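Below, each chain spelled out in residue letters.
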Amino acid sequence: MATDFKSIPIIDISPLLEKWDHPNLAHDEGVAQVVRQLDHACREAGFFYVKGHGISLSLMKEIRGITREYFHQPYDEKLKIKLSAATGYRGYQRVGENITKGIPDIHEAIDCYREVKHGMYGDLGKVMQGSNIWPSNPPNFKQLMEEYVDRCTDLSRKIMRGIALALGGSADEMEGEIGGDPFWVLRIIGYPAASISNGHDKADNDVGCGAHTDYGLLTLVNQDDDIVALQVRNKSGEWISAPPIPGTFVCNIGDMLKILSNGMYESTLHRVINNSPKYRVCVAYFYEPNFDAAIEPLDVCLEKTGRTKNFEGAVYGKHLVSKVTTNFVM
């Protein structure tokens, strides 16, 4: 469970990345130190920054730059890849079209998912069936984003091996039937500059994204370096800022990892409020279980929590579809 944390820890994960596939991974002291830090962060806050992650600062900046370039185009140009049920909920959504708990969010976005081919996962996969629809402008948008997704998928798998060790399992505890063929989600998001007219009550009226938890295993957030907007709620209900630290990802754990850990790790509520006079961009990558994975508390976590299941199990794809189909005003 999350605590009354006042700040979000920074973890240098380079020792884990250097030895991630080593047969004696769990016995390496450098890796063990990273594992202890991951365990502490996931128990205390459910959020942490990572540095030493191997994705270049230049690529992170390039991703944000091309995102800003896309969103600054005329509205009609952005609408060429409009999100709908027919696109498998992939594509562009205008400001206010995404809703959180019934309230429109003050952001625009492109939503992307791992491809779901016809017939994959049977009825479970029908809603998400399709491929991503990419804008033709900027011309290298698709290529850059697909490269970025590949890099984030590889990084997330390695972090999850550390988290598996932190829970007391083997490094590959969450591969195989849980995450051996991981699904992924990418949200490319733009938050308009703060409204002057709402200056007296921005927290209520200019919420870029309302309070929510993430759905899957692990999220990597690549946010603008100069705007503080992401906030995380601690146990007392205080909103703790997650200010940008250049070259880092903000990471947080999702609902499926909360179930797997039997509540040892929390999927913490967070929100975005852009009080800045500048437009903010953020690219959030979500590393998920296998689409058809049946998620239950891990045996190693049940042993540590009195053998009582604290959460009902969930099929990841069903959980995702229930969220995706209720998050939009069409």
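Rules used in this analysis
- Residues numbered from 1 in each chain as written.
- Predicted model: local features only at pLDDT ≥ 70, side-chain atom pairs only at ≥ 80, totals over all residues.
- Heavy atoms only, no water.
- UniProt positions renumbered as here; feature names shortened; annotations may be inferred.
- Helix = DSSP H or I, 4+ residues; strand = E, 2+ residues; numbered from the N terminus.
- Buried < 20%, exposed > 50% of the residue type's maximum accessible area, 1.4 Å probe, protein only.
- Contact = heavy atoms within 4.5 Å.
- Axes fitted to C-alpha atoms, helices over the stretch in contact; angles between N-to-C directions.
- Parallel < 35°, antiparallel > 145°, perpendicular 65-115°, else oblique.
- Left-handed = near helix turned anticlockwise from the far one by under 90°.
- Salt bridge = Lys/Arg side-chain N within 4 Å of Asp/Glu carboxyl O.

Looking at an unreviewed UniProt entry, one finds the protein chain named 2-oxoglutarate-dependent dioxygenase and attributed to Nicotiana attenuata. In UniProt, the protein chain has this text filed under Catalytic activity (unreviewed entry): "L-homoarginine + 2-oxoglutarate + O2 = 6-hydroxy-L-homoarginine + succinate + CO2". Check the Subcellular location (unreviewed entry) section of the UniProt entry for the protein chain; it says "Cytoplasm, Cytosol".

**Some details on the environment of C301**
Along the chain, C301 turns up in helix α9 (residues 299–304). You can call C301 buried: its relative accessible area is 0%. The sequence separation of C301 and R68 amounts to 233 residues, and the corresponding C-alpha distance is 42 Å. Beyond its immediate stretch of four places on either side in the chain, C301 contacts L167, L260, S261, N262 and M264.

**Looking at the packing of helix α3 (residues 57–71) against helix α5 (residues 141–166)**
One can describe the packing of α3 onto α5 by two numbers: an axis separation of 11 Å at closest approach and a directional angle of 140°. Accordingly, the angle class assigned to the pair α3 and α5 is oblique. Relative to α5, the crossing made by α3 is left-handed. Mapping the contact onto sequence places L59, E62, I63, I66, T67 and Y70 in α3 and F141, L144, M145, E147, Y148 and R151 in α5.

**Describing the pattern of salt bridges**
Counted by the stated rule, this structure contains 21 salt bridges. With a closest N to O distance of 2.9 Å, K158 and D154 form a salt bridge. Remark: D154 and K158 occur in helix α5; sequence separation between them is four residues, near one turn of the helix. Looking at K158, the relative accessible area reads 14%, which means it is buried. Its relative accessible area of 37% is what places D154 among the partly exposed residues. E266 is paired through a salt bridge with K258; the nearest N and O atoms lie 2.9 Å apart. The same class applies to E266 and to K258, which are both buried. Within the structure, one salt-bridge network assembled from shared partners comprises R64, R68, D224 and D225.

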